[in-house]
Amino acid sequence: MASKKFKVISHYYTNYSLWSMFKAKNLSPQKLAGFTALIISAIIALGSLVVDGNWKVVVGAFVLTFLVSYYLYLYTLQNFIYRKIKLIYKFIYQTKASKREEFFQKNILPLKTIEEVSEDVEKWASQKKEELDNLRRNEEFRKEFLLNLSHELKTPIFAVQGYIHTLLDGALEDPTVNKLFLKNATKNIDRLCRLIDDLDEISKLESGEMTINSEVFIIQDLVKDVFDTLSLKANTKGIKFNIKKGCEAPQPVLADKEKIRQVLINLVDNSIKYGKPDGHTIASIYSMDGKRVLVEISDDGIGMSEDHLPRVFERFYRTDRARSRDIGGTGLGLAIVKHIVEAHDQSITVRSKPEIGSTFGFTMESGRE
């Protein structure tokens, strides 16, 4: 009984392995040619056995038919079907074949199954689709950037143009308005200059022209310097600056001090612009893993909704365009901040909630040895 059961199991696994061997996904040209030649030679051998009955003739017919059929089918497959497949690979790579690629096409490609070639083509098509999607997204960003840039440039230019034309039309002789108009024109020219300076800086950062001169310094000292620099502006809104309790211990960092100063000025300045009157701006410094230091600038201002957070570091992106322009700024500050932080091979994040406030955090390399 056990012997019979063993034979059944053995027969099942033998048939299963033979079937799996000739499944479509496993058929290489050699296997397909061999399988086809085996069927044809078996039919010819059976015919010879019926007609002649001589076993030598049967065996000879089987061997000869198998060899002829095998090489004929293999030649056909490799020289016709795989010639077309070779053209597909040339189209995929779109370059003149190197010696390595010629070796691949002559020796490796013919061993591939149709399914493997299909997988390669599908992978290539997926990569191309992803590239096209990226190009479309970049095109949308480019259009939006040009639209925003045009608007940012037109606003101060048209304002200056209006004041100058008004002065030339007779207001220049009116002492009650001529100085006011000139002051307003000067403010818009200054805004235009800041915009051009920011565009120039972000272009240098993106192109990698701006070098990073790293040095070791105490980040708390730099934060205090920035607080002192912006204290007058903060006083106009009654905003108080603080370093969070427990974060006062001197923390050395390795970075470009002046670039990080620019990062902190942008973040603290934003906390003043969008902070509530009599609010607070708090700096927190944490040692993360002994290799990095996290610096966070938090405010209790108007905050942002979650859908704005992924785009706040884009050039000219504003959560509230009308309000942002009233407050001032070029719309490039956070984009510059992001580029400076990333130029240090570090990262920057943001957390925010409407009417609760915002927290911007960025990492730096620790200056401790």
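Nothing here was measured: the structure is a model prediction, and the numbers come from that model.

Parameters and conventions
- Residues numbered from 1 in each chain as written.
- Predicted model: local features only at pLDDT ≥ 70, side-chain atom pairs only at ≥ 80, totals over all residues.
- Heavy atoms only, no water.
- Helix = DSSP H or I, 4+ residues; strand = E, 2+ residues; numbered from the N terminus.
- Areas by Shrake-Rupley, 256 points an atom, 1.4 Å probe, with all protein chains shown as cover.
- UniProt positions renumbered as here; feature names shortened; annotations may be inferred.
- Core = buried A, V, L, I, M, F, W, Y, C linked by side-chain atoms within 4.5 Å.
- Buried < 20%, exposed > 50% of the residue type's maximum accessible area, 1.4 Å probe, protein only.
- Contact = heavy atoms within 4.5 Å.
- Patch = residues over 30% accessible without salt bridge, like charges linked within 9 Å, V, L, I, M, F, W, Y side chains within 5 Å.
- Salt bridge = Lys/Arg side-chain N within 4 Å of Asp/Glu carboxyl O.
- Phe/Tyr/Trp six-rings, centres within 6.5 Å; stacked < 30°, edge-to-face > 60°.
- Axes fitted to C-alpha atoms, helices over the stretch in contact; angles between N-to-C directions.
- Parallel < 35°, antiparallel > 145°, perpendicular 65-115°, else oblique.
- Left-handed = near helix turned anticlockwise from the far one by under 90°.
- Nonpolar A, V, L, I, M, F, W, Y, C, P; charged D, E, K, R; others polar.
- Expected span 1.5 Å × (residues − 1).
- Polar contact = N/O pair within 3.5 Å; in protein donor to acceptor, adjacent residues only side chain to side chain.
- Pairing = 2+ DSSP bridges.
- pLDDT = per-residue confidence, 0-100.

**A short note on the overall build of the protein**
Within the protein, the secondary structure is distributed over eleven helices and seven strands. Put simply, the protein shows about 23400 Å² of open surface, and 59% of that area lies on carbon and sulfur atoms.

**Focus on unusual backbone geometry**
Here the phi dihedral of Asp-278 falls at roughly 60°; this positive angle occurs in a residue that is not glycine. Take Asp-278: it is sitting in the loop between α9 (257-273) and β4 (280-287).

**A short note on the UniProt feature "transmembrane region" (unreviewed entry) in the protein**
When the UniProt feature table is mapped onto this chain, "transmembrane region" (unreviewed entry) is found at residues 32-51 and 57-77. Between the C-alpha atoms that bound residues 32-51 the distance is 29 Å, and the span itself is 100% helix and 0% strand. Split by type, residues 57-77 is 100% helix and 0% strand. Its first and last C-alpha atoms lie 29 Å apart.

**Quick look at the nonpolar core**
Formed by 46 residues in total, the largest nonpolar core has its most connected members in Ile-219, Ile-260, Leu-264 and Phe-362. Residues in contact with Ile-260, not counting those within four places in the same chain, are Phe-217, Ile-219, Leu-222, Ala-255, His-344, Phe-362 and Met-364.

**Structural notes on a nonpolar patch on the surface**
Residues Val-59, Val-63, Leu-67 and Tyr-71 make up a contiguous nonpolar surface patch of about 380 Å² in total accessible area. In this structure Val-63 comes out as partly exposed when scored by relative accessible area, which is 41%.

**Points about the packing of aromatic side chains**
In the structure shown here, the tally under the stated rule is six aromatic pairs. With 6.1 Å between their ring centres and 10° between their planes, Phe-66 and Tyr-70 make a pair best called stacked. Here Phe-66 pairs with Tyr-70, and both are found in helix α3 (residues 55-93), just four residues apart, close to one helical turn. Overall, the relative accessible area of 26% leaves Phe-66 in the partly exposed class. With centroids separated by 4.5 Å and ring planes inclined at 10°, the aromatic side chains of Phe-227 and Phe-241 adopt a geometry described as stacked. Remark: Phe-241 occurs in strand β2 (residues 240-243) and Phe-227 occurs in helix α7 (residues 219-229); sequence separation between them is 14 residues. No difference in accessibility class separates Phe-227 from Phe-241, as the two residues are buried. An aromatic cluster is built from Phe-62, Phe-66, Tyr-70 and Tyr-71, whose rings are joined through pairwise contacts.

**Notes on the packing of helix α6 (residues 178-207) against helix α11 (residues 333-343)**
Direction vectors running N to C along α6 and α11 enclose 25°, while the axes themselves pass 10 Å from each other. If you check the angle between α6 and α11, you find them roughly parallel. When you trace α6 past α11, the crossing you get is left-handed. The segment α6 lies against α11, with Asp-198, Glu-201, Ile-202, Leu-205 and Glu-206 engaging Ala-335, Ile-336, His-339 and Ile-340. Here the residues of the contact of α6 with α11 are counted per class, giving five nonpolar, one polar and three charged.

**Comments concerning α9**
Given a rise of 1.5 Å per residue, 17 residues ought to cover 24 Å, and the 24 Å separating the end C-alpha atoms of α9 matches this to within 8%. When we look at burial in α9, the residues that qualify are Lys-259, Ile-260, Val-263, Leu-264, Leu-267, Val-268, Asp-269, Asn-270, Ser-271, Ile-272 and Lys-273. A distance of 3.3 Å separates the backbone nitrogen of Glu-258 from a side-chain oxygen at the start of α9, and that oxygen is part of Asp-256.

**Quick word on the pairing of β4**
Where β2 meets β4, four bridges bridge the pair, whose relative direction is parallel. Along β4, the bridge assignment pairs Lys-240 with His-280. As paired elements, β4 and strand β5 (residues 292-299) share seven bridges and run antiparallel to each other. By the bridge assignment for β5, Ser-284 is matched with Glu-296. A loop of four residues connects β4 with β5, the two strands running antiparallel in sequence, and Gly-290 in this loop sits at a positive phi of about 85°.

**Overview of the confidence of the model for the protein**
Low-pLDDT stretches of the model should not have their predicted coordinates read in fine detail. Averaged over all residues, the pLDDT of the protein is 78; the fraction at 70 or higher stands at 75%. Mean pLDDT across the elements of the protein ranges from a minimum in helix α1 (residues 2-21), with 43, to a maximum in α7, with 95. Low confidence marks residues 1-22, where pLDDT is under 50. Its contacts with residues over four positions away, or in another chain, come to six contacts.

**With respect to the pattern of salt bridges**
Under the defined criterion, the tally for this structure stands at nine salt bridges. Between Lys-233 and Asp-269 there is a salt bridge; the shortest N-O distance is 2.6 Å. On the criterion of sequence distance, the pair formed by Lys-233 in helix α8 (residues 231-235) and Asp-269 in helix α9 is long-range, its members being 36 residues apart. Given a relative accessible area of 13%, Asp-269 falls into the buried group. For Arg-292, the salt bridge identified is with Asp-289, shortest N-O distance 3.6 Å.

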